[in-house]
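# Fold and contact review
Here's the letter readout for the chains.
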Amino acid sequence: MRTDGMLKEGALKDQTIIVTGGGTGLGRAMGTYFLELGANLVITSRKIEVLEQTAKEMEAQTGGKVLAVQCDVRDYEQVENVLKVTEERFGQIHALLNNAAGNFISPTERLSNRAFDTVIDIVLKGTTNFTLALGKKWIANKQPGTVLNIVTTYAWTGSGYVVPSACAKAGVLAMTRSLAVEWAKYKIRMNAIAPGPFPTEGAWSRLLPGDLVKKFDPAKLVPVGRVGEHQELANLAAYLMSDYSAYVNGEVVTIDGGEWLQGAGEFSHLEKIPQEMWDMLEAQRGKKQ
Ligand code: NAP
């Protein structure tokens, strides 16, 4: 395993990139690497104190420029404001990482209709709000652009106990593929990443509180036997943001150590059979042949 930065120095030089939910977790990790590669960064979310603290730490760590802007992705006017202040500070906007999300792990019948709406509004509408507002601007100004959307592997398998999130992420994936075709003529490129388990406060401590994270240890569900390192995701995101991936459009790249396929393969649960039993089965087959 390698956990150093993968791209060439300056691979994102002078690119202005907006990262939603960029003050914490994976958004912060990807944003930090974009800065290391020479980008100007804009981080947005609801909690301005968190954003400002993160921006300060990122600038100290990388020497790059970070603008923190408060924005609830559900509110289109706030989204338009992010674009306005970004242009005032950095000029042209080159790329967008739709990373902000909310989720509830719960039997679906226990959720209120409002809880359902909240997740759909943040994940699906938040992503479409930012993509539409920026896409309109790029098209009107005849500027090229790159959009990267963070989805999940259950965007295509579906999953119990996270149904609003599954519906919303499936919608984001549909938007990614649809606009990859429709907007290619405007030189707007659109891809997605589906991460498997990567430890973060938001996805782990909040979603699986207390002992639950030990009981349902996500690493045990991953064929390669571990969870992801943030830099591994950041390397992939930086590649998909950069011109090195100019021919990749409408793709979703899974980075999950094989997790979702293990759940999907009809015989994969035979992993639980110990070696001695395989020896026995082979010996029995041998006798018959
Ligand atoms: P996280 O730290 O909780 O990130 C979520 C971010 O979204 C936070 O910064 C939060 O900031 C922001 N956010 C939430 N509601 C918002 C709203 N209404 N408007 C604007 N921003 C909002 O969790 P994470 O694990 O890094 O997740 C990042 C992305 O990776 C998500 O899209 C998630 O679905 C995806 N993902 C993560 C994993 C994993 O294992 N970690 C696996 C698969 C997919 P505020 O609270 O300040 O608004």
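Reading the values: the criteria
Residues numbered from 1 in each chain as written. Predicted model: local features only at pLDDT ≥ 70, side-chain atom pairs only at ≥ 80, totals over all residues. Heavy atoms only, no water. UniProt positions renumbered as here; feature names shortened; annotations may be inferred. Near = heavy atom within 4 Å. Polar contact = N/O pair within 3.5 Å; in protein donor to acceptor, adjacent residues only side chain to side chain. Areas by Shrake-Rupley, 256 points an atom, 1.4 Å probe, with all protein chains shown as cover. Helix = DSSP H or I, 4+ residues; strand = E, 2+ residues; numbered from the N terminus. Nonpolar A, V, L, I, M, F, W, Y, C, P; charged D, E, K, R; others polar. Axes fitted to C-alpha atoms, helices over the stretch in contact; angles between N-to-C directions. Parallel < 35°, antiparallel > 145°, perpendicular 65-115°, else oblique. Left-handed = near helix turned anticlockwise from the far one by under 90°. Contact = heavy atoms within 4.5 Å. Pairing = 2+ DSSP bridges. Salt bridge = Lys/Arg side-chain N within 4 Å of Asp/Glu carboxyl O. Buried < 20%, exposed > 50% of the residue type's maximum accessible area, 1.4 Å probe, protein only. Phe/Tyr/Trp six-rings, centres within 6.5 Å; stacked < 30°, edge-to-face > 60°. Core = buried A, V, L, I, M, F, W, Y, C linked by side-chain atoms within 4.5 Å.

The protein carries the name Short-chain dehydrogenase in an unreviewed UniProt entry, which gives Roseivirga ehrenbergii as its organism. According to the UniProt record, the Sequence similarities (unreviewed entry) comment for the protein reads "Belongs to the short-chain dehydrogenases/reductases (SDR) family."

Taken together, the neighbourhood of the ligand is formed by 28 residues, with Thr24, Ser45, Arg46, Asn99 and Thr200 sitting nearest. A distance of 2.7 Å separates an oxygen atom of the ligand from a polar side-chain atom of Thr24. Val73 has a polar backbone atom sitting 3.0 Å from a nitrogen atom of the ligand. Contact with the protein chains hides 90% of the accessible area of the ligand, taken as 880 Å² for the molecule alone. Looking at the shell around the ligand, the elements that each hand over two or more residues are α1 (25–36) and α7 (201–205). Of all the elements, α7 adds the most residues to the shell around the ligand, at 3 residues. Within the shell around the ligand, the residues separate by chemical class into 13 nonpolar, 9 polar and 6 charged.

Okay, the packing of helix α3 (residues 76–90) against helix α4 (residues 113–141) next. Two elements in contact, α3 and α4, have axes whose closest approach is 9 Å; the angle formed by their N-to-C orientations is 45°. Relative to α4, the element α3 lies oblique. Relative to α4, α3 is oriented so that their crossing is right-handed. Listed contacts from α4 to Tyr76, Val79, Glu80, Val82, Leu83 and Glu87 of α3 are Asn129, Phe130, Leu132, Ala133, Leu134, Lys136, Lys137 and Asn141. Grouping the amino acids of the contact of α3 with α4 by side-chain chemistry returns 8 nonpolar, 2 polar and 4 charged.

So, about the sheet that holds strand β5 (residues 145–150). Taken together, 7 strands build an open sheet; the order of strands is β3-β2-β1-β4-β5-β6-β7 and the sheet is parallel. Each end of this open sheet is capped by a strand with a single partner; those strands are β3 (66–70) and β7 (252–255). Neighbour-to-neighbour, the strand axes of the sheet open up by a mean angle of 20°, direction not taken into account. As paired strands, strand β1 (residues 16–20) and strand β2 (residues 40–45) are joined by 5 bridges and run parallel to one another. The residue bridging Thr20 from the neighbouring strand is Thr44, located in β2. The sheet strands contacting helix α2 (residues 48–62) are β2 and β3, and the helix crosses β3 at an angle near 175°.

Attention now moves to the pattern of salt bridges. Taken as a whole and assessed by the stated rule, the structure comprises 7 salt bridges. A salt bridge links Glu88 to Lys84; the nearest nitrogen and oxygen atoms lie 3.6 Å apart. Within this pair, Glu88 and its partner Lys84 are both found in helix α3, separated by 4 residues, close to a single helical turn. Glu232 is the partner of Arg226 in a salt bridge, and the nearest nitrogen-oxygen pair spans 2.8 Å. For Glu232, a relative accessible area of 18% translates into the label buried.

What follows is about the packing of aromatic side chains. One pass over the full model with this rule turns up 1 aromatic pair. Summarising the aromatic geometry, the rings of Trp156 and Trp260 are spaced 5.5 Å apart at their centres and angled 85° between planes, so their arrangement reads as edge-to-face. With Trp156 in helix α5 (residues 154–157) and Trp260 in helix α10 (residues 259–264), this residue pair connects regions lying 104 residues apart in the sequence. Here Trp260 falls in the partly exposed class, since its relative accessible area comes to 26%.

Another aspect to go through is the nonpolar core. Core analysis: the largest hydrophobic core is formed by 32 residues, its most contacted members being Ile17, Phe34, Leu41 and Ile193. Those elements giving two or more residues to this core turn out to be β1, α1, β2, α2, β4 (95–98), β5 and α9 (230–241). Looking at which element gives the most residues to this core, the answer is α9, with 7 residues. Other than its neighbours up to four places away in sequence, Ile17 contacts Leu12, Phe34, Ala39, Asn40, Leu41, Val42, Ala95 and Met241.

Residues other than glycine seldom take positive phi values, yet Tyr161 does so here, at roughly 70°. Secondary-structure assignment places Tyr161 in the loop between α5 and α6 (163–182). Even without being a glycine, Lys187 presents a positive backbone phi close to 65°. Following the sequence through the fold, Lys187 ends up in the loop between α6 and β6 (188–195). On the accessibility criterion, Lys187 (62% relative accessible area) is exposed.

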